[in-house]
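A closer look at the structure
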Amino acid sequence: MAEAADFQGMGHSPARRWLRRTASVLAGAPLLAGLLAGTAAPAAQAAPTAAGSRAVHVSIDTLTPSAPVKGDTLTVSGTVTNEGKNTISDAQVDLRVGPRMYGRTAIDDAAERTSTSGDVAPIGGKYKVTIPRLDVGISQDFALSVPVSKLGLGQDGVYQLGVSLTGKTSSAPYDQVLGIQRTFLPWQPDATEEKTQLSVLWPLISSTRLSAETGSDDQQTPVFENDDLAAELAPGGRLEQLVSLGSQLPVTWVIDPDLLATADAMTKDYRVRSGDTTVPGKNQAVATKWLDSLEKAVTGGAKVVALPFADPDLASLAHRGKDVSGALSHLQPATDVAGKTVETILHVKPSVDFAWPVDGAIDPSIVDVATSAGAHEIITRSDSLQDNLPYTPTAARPIGGGTTAVVADTRLSTAFQGDMSKAGTSTLAVQRFLAQSLAVTLQNPENQRSIVVAPQRMPSAAQAQSMARALRGLDSERWTEPSDLIAAAAATPDSDATTKVPGSSRYPKKLRDQELSTEVFLNIKETQERLDNFKAILSAPDRVAAPFGNAIGRAMSTSWRGEPDEAEQYRHTVEDYLVGLTTEVQLIPKSVLTLSGRSATIPVTVQNQLLQGVQNLVLRLKSDNPTRLKLDGDRAVAERPIKIDGGHSQSVKFTGAGNANGPVQVTAQLYTVDGTPYGSPMTFQVKVSEITPTVMLVIAGGVLLLVLAGVKMYSQRKRAVARKAAAEDTDGGDDGADGIDTDGKARDTQSTDGARAPEDTDPGQPSDPTPDTGPESADASGAGEKVDR
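Residues numbered from 1 in each chain as written. Predicted model: local features only at pLDDT ≥ 70, side-chain atom pairs only at ≥ 80, totals over all residues. Heavy atoms only, no water.

Here we look at the environment of Ser-504
Its location among the elements puts Ser-504 in the loop between helix H16 (485-490) and helix H17 (509-512). Sequence separation of Ser-504 and Asp-363 is 141 residues, and the distance between their C-alpha atoms is 5.2 Å. In this structure, Ser-504 is in contact with Asp-363, Pro-364 and Arg-512, ignoring residues within four places of it in sequence. (Helix = DSSP H or I, 4+ residues; strand = E, 2+ residues; numbered from the N terminus. Contact = heavy atoms within 4.5 Å.)

Take a look at the structure:
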């Protein structure tokens, strides 16, 4: 019982803690017997000083074979480093093998021990390495090779293996253990009758890289937020290592389809943000090679599970997003597109029946959200769905509603977390993984069980390499045999295993603190509504539906956990780009208009700077004072349908009728066909200057007086010209009609007053007055303009 409680990570009641202490005493009995039966250690060695226990760091860098059989030679190599304050003399590195360990809890307790006391005597003899002097801060390599027959291994099981350094210092000139490192040695030389079926998930998941922006070309060239994915796909990179290693292992591939879509976009022309502009991407070859390698790895019968597109954060949706209208509506489309993406790019049909909450932590709301996306199997972990059994049960658990919880083993799943880049850390993790897997089998050797390993979502290259080393240590299949996640979900459940989903109060606070906030989901809702309005007016909405829809899905990705600032920046980038596109369709601002006369036309210009046409728009013009200014006859509001090609403008004219002088505020607003406002309203002022009948009579009278005055002046002028002509005929006498004097000299023909006679011309009619309005035009009116009548 204590074993089961510790295994599941449960909180211990007082009675359970008492049981655990009792079990620990019983489990330690064989160890005590071994200590008493073994060669006695010197007194100083049995009780080293506290300073001595920290003086030397021992690192076990290699241990081969990791799971030996009879006839093998065990080789252990590593380094010892003097981290104390005194030089060490007469030192030697020894190998110590403890007695067989009973149960998984005993392995955990042994791994946490730091004291050098209570260890068995070293093997001794020639199986040691002598180091005459080890100065402060100096490291020394060592290598020990011991035949397995000399290790004293007996019954099948897990044995603790220690590497120690014994020596003297100036402050303590006697032999003492100055440092020790412990690990585990699984001993199962012959295959068990019932092997544990082991299903290992191999995740291919990465951070979000693609933005919502695309080029204006027919191919819609994608724009990446950065080009960091290339480093992960390149030889030696994290994702390249996962594919290279996984292709040689019996694993179930768990893939985020967004990663495939992103890598596929990289195989073609793409661009990368660089400040306020974008530059061409240059890693097409790297992406192509990686996808080719992955396709080869998953063909030939490998099991592939596709997570919902962009790996949405199910826990955040369940705890913060489900009450925001429309938040959950993204899940089913994400599941639908997941299968299509994997099948299109990798040419294999994946399973889309699985949901994987963060760290396998579940509660009823997470289960409800996961199943709403179409999942029938939920990958959880044994520290969430806890059992109180003395053995590790089969992974599959029916939890109601036709849903199966696939419970991954916590110890095996978390074995490779942390920094695995150091050889010593990696070796310890590998040996502990192998020891725990053997301990599972030996718990109930007559009963075959199906166990699942669900490692961290995005393992580093070093973590992947350590995981691969551990799985290769199981190649001999002496106590496990490989299986897959689909088979594990379909396995016969253990009737004694719990099927009760833990309540929300037991959801880990650490994970809850990393969740996306409700405000995030409200922002996502606003972006989605803006996108829906924008798509409704486009002649080719598919060009924005896919890139923006995927970007909105990426904004809810699990990969943002622990990176709130980066997540916020990504959401703002998507929103800002969408706002920028929507404002490309807008009303051109107008100045004050003057309406002279009872009626005139009021032009309003709509501009479309997009590269595609817009339609399904309505322009409404509203008079704030219909008593003074009415539109289209006798209405306060008038509207016109709008349809504009890309890169064009349209001038829309409304009829205005003025009934009284004075200014009137007029508002123009675009709407979608369903009545949703599009963009911001545009207001302008119309000055109504009405010409009344009295004014018209005054003007007509004035014109009549002018005409009469003109007639009178014309008559007087004509009579004066006639009188002058008669006078000239009388004064001329016999001088002749050809203008020659009698003395033969030429003379001017002058009037009696000496002035030249004017030409006899018709003055004609006066020209029409200049009109007060220009011809009808589609251009926007200028300041103080008058509108067309």
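A word on the pattern of salt bridges
All chains considered together, the criterion is met by 24 salt bridges. A salt bridge links Arg-411 to Asp-108; the nearest nitrogen and oxygen atoms lie 2.5 Å apart. Taken as a pair, Arg-411 in helix H13 (residues 410-413) and Asp-108 in helix H5 (residues 104-112) lie far apart in primary sequence, 303 residues in all. Overall, the relative accessible area of 12% leaves Arg-411 in the buried class. With its nearest N and O atoms 3.1 Å apart, the salt bridge here joins Glu-639 to Arg-620. Here Glu-639 is found in strand E26 (residues 637-644), whereas its partner Arg-620 is found in strand E24 (residues 614-623), with 19 residues between them in sequence. A residue is classified by how much of its surface remains accessible, and Glu-639, at 42% relative accessible area, is partly exposed. (Salt bridge = Lys/Arg side-chain N within 4 Å of Asp/Glu carboxyl O. Buried < 20%, exposed > 50% of the residue type's maximum accessible area, 1.4 Å probe, protein only.)

Topic: the nonpolar core
In this structure, Phe-534, Val-604, Leu-619, Leu-621, Leu-670, Phe-684 and Val-686 are the most contacted members of the largest nonpolar core, which totals 75 residues. Top element by residues in this core is helix H18 (residues 518-537). It accounts for six residues. Those residues in contact with Val-686 that lie beyond four places of it in its chain are Leu-593, Leu-595, Ile-602, Leu-629, Gly-662, Pro-663, Val-664 and Val-666. Counting residues in hydrophobic clusters, the runner-up holds 65 residues, among them Ile-107, Trp-202, Leu-259 and Leu-412. (Core = buried A, V, L, I, M, F, W, Y, C linked by side-chain atoms within 4.5 Å.)

Observations regarding the environment of Leu-670
Here Leu-670 lies in strand E28 (residues 662-672). Distance from Leu-670 to Arg-640, taken between C-alpha atoms, is 9.7 Å for residues 30 residues apart in sequence. Discounting chain neighbours no more than four positions away, the residues touching Leu-670 are Val-585, Leu-587, Val-606, Leu-617, Val-618, Leu-619, Ile-642, Thr-676, Pro-677 and Tyr-678.

Regarding the pairing of E28
Among the 11 residues that make up E28, eight are buried, leaving the element largely enclosed by the rest of the structure. Looking at chain direction, E24 and E28 are connected through seven bridges and run antiparallel. If you follow Arg-620 over to E28, its bridge partner there is Gln-669. In this sheet, strand E29 (residues 677-689) lies alongside E28 in antiparallel orientation, the contact comprising nine bridges. Paired with Gly-662 across the bridge in E29 is Val-688. If you look at the hairpin formed by E28 and E29, you'll find four residues sitting between the two strands, and Gly-675 has a positive phi there, around 90 degrees. (Pairing = 2+ DSSP bridges.)

A closer look at the sheet that holds strand E4 (residues 128-134)
As summarised here, the arrangement of the four strands in space is E4-E3-E6-E7, forming an open sheet in which the pairing is antiparallel. Looking at the sheet topology across the chains shown, the edges are occupied by E4 and strand E7 (176-187). Here the strands of the sheet are splayed against their neighbours by 25 degrees on average, with no regard to which way each runs. Sheet topology places strand E6 (residues 157-169) next to E7; 11 bridges connect them, and they run antiparallel. By the bridge assignment, Gly-157 is partnered in E7 with Trp-187. Here H5 sits on the sheet and contacts strand E3 (88-101), E6 and E7; the angle it forms with E7, its principal contact strand, is near 155 degrees. Here helix H14 (residues 423-443) sits on the sheet and contacts E3, E6 and E7; the angle it forms with E7, its principal contact strand, is near 45 degrees. (Axes fitted to C-alpha atoms, helices over the stretch in contact; angles between N-to-C directions.)

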